[in-house]
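Letter by letter, the chains look like this.
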Amino acid sequence: MFQGFSALFACRAAAGLARGFDGTGFYLVDSFAGFPKPREEDFIPMSSGTNIRNAPAFNEGDAAVSLEQVSAAFRDFPGVRFERGFIPDVLSRLPETNWAFVHIDVDLHEPTLACLEYFYPRLTSGGVIICDDYGSRLFPGARKAWEAYCDANGIAFVTLESGQSILVK
Ligand SMILES: C[S@@+](CC[C@H](N)C(=O)[O-])C[C@H]1O[C@@H](n2cnc3c(N)ncnc32)[C@H](O)[C@@H]1O
């Protein structure tokens, strides 16, 4: 979520395609408390002077933003619903339904994998999942999670030069 830019972009794109789209059926999920504690899968080599050690690019709590600040940007889309909480636990608060479009941008290994495990089985035929962080050098855990899930489930995907990975069910 952070400041909601990509979600607002998606809502505006949807409104351009479907006149009268007010955000109904669009869910924004985030801790609004920033990152959980990064795990080893998320570490990258960091140098200080001549020392190189593995560490996360960001720390627990980084990227925190208030729900009020983000939701204010969605005034044109009153049907949008916000779910505040850490993935995976917060996912159980979503309605049990099928999803047509899922944009994953949680940077880290554990929540990326949890999103795939939750959403892929619930994805409509022809539905799309995008992972924003597949090509990110700062967040290697997202790619590891994506590749592990796709390999284990025989799922083909494409990648973009801008770094995202995309699958269509
Ligand atoms: C790069 S930001 C998303 C930026 C957003 N797409 C935008 O356009 O502003 C990553 C977000 O993932 C959230 N996040 C990371 N791990 C999470 C987890 N386990 N549960 C919930 N949110 C998480 C952070 O709080 C942060 O808001």
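The preceding data block contains the structure.
Residues numbered from 1 in each chain as written. Predicted model: local features only at pLDDT ≥ 70, side-chain atom pairs only at ≥ 80, totals over all residues. Heavy atoms only, no water.

1. Quick word on the pairing of strand β5 (residues 99-104)
The line we're drawing: Two strands make a pair as long as DSSP finds a minimum of two bridges between them. Here a helix means four or more residues in a row that DSSP labels H or I, a strand means two or more in a row labelled E, and each is numbered from the N terminus. If you view a crossover with the strands going away from you and the path from the first strand over the helix to the second runs clockwise, you call it right-handed.
As defined by bridge partners, β5 adjoins strand β6 (residues 123-131) across 5 bridges and the pair is classed as parallel. Looking at the pairing, Phe101 lines up with Val128 of β6. Handedness of the β5-helix α3 (residues 109-119)-β6 crossover: right-handed.

2. Section: the packing of aromatic side chains
Here is the rule: Planes of paired rings set the category: under 30 degrees apart is stacked, over 60 is edge-to-face and the rest tilted, where pairs are Phe, Tyr or Trp rings (Trp by its six-membered ring) whose centres lie within 6.5 Å. Burial classes: relative accessible area under 20% of the type maximum marks a residue as buried, over 50% as exposed, and values in between as partly exposed (1.4 Å probe, protein chains only). Either the NZ atom of lysine or the CZ atom of arginine qualifies as a charge over a ring when it sits within 6 Å of the ring centre and within 35 degrees of the ring normal.
Within this structure, the stated rule accounts for 12 aromatic pairs. On the numbers, 5.7 Å between centres and 85° between planes, the contact of Trp146 with Phe157 is edge-to-face. Separated by 11 residues along the polypeptide, Trp146 in helix α4 (residues 140-153) and Phe157 in the loop between α4 and β7 (158-159) bring together distant segments of the chain. The exposure class of Trp146 is buried, given its relative accessible area of 0%. Between Arg122 and the ring centre of Tyr118, over which it is positioned, the NZ or CZ distance is 3.9 Å. Its guanidinium or amino end placed over the ring of Tyr120, Lys169 lies 4.6 Å from that ring's centre, counting from NZ or CZ.

3. Details of empty space enclosed by the protein
What counts here: Points on a 1 Å grid, built from protein atoms alone, make a cavity when a 1.4 Å probe fits but cannot get out and make a pocket when they are open with protein on both sides within 12 Å along at least 5 of 7 lines; residues with an atom within 4 Å of a point are the lining residues. Grid points are joined across faces, edges and corners, and a volume is the space filled by probe spheres set on the points. Note on residue categories: nonpolar means Ala, Val, Leu, Ile, Met, Phe, Trp, Tyr, Cys or Pro, charged means Asp, Glu, Lys or Arg, and polar means any other residue, Gly included.
A complete count under the given rule lists 1 cavity of 30 Å³ or more for this structure. Taken as a whole, the largest cavity encloses approximately 40 Å³ of empty space. If you trace the largest cavity, you find it lined by Pro36, Lys37, Pro38, Arg39, Asp42, Leu108, His109, Glu110 and Pro111. Considering only residue class, the lining of the largest cavity consists of 4 nonpolar, 1 polar and 4 charged.

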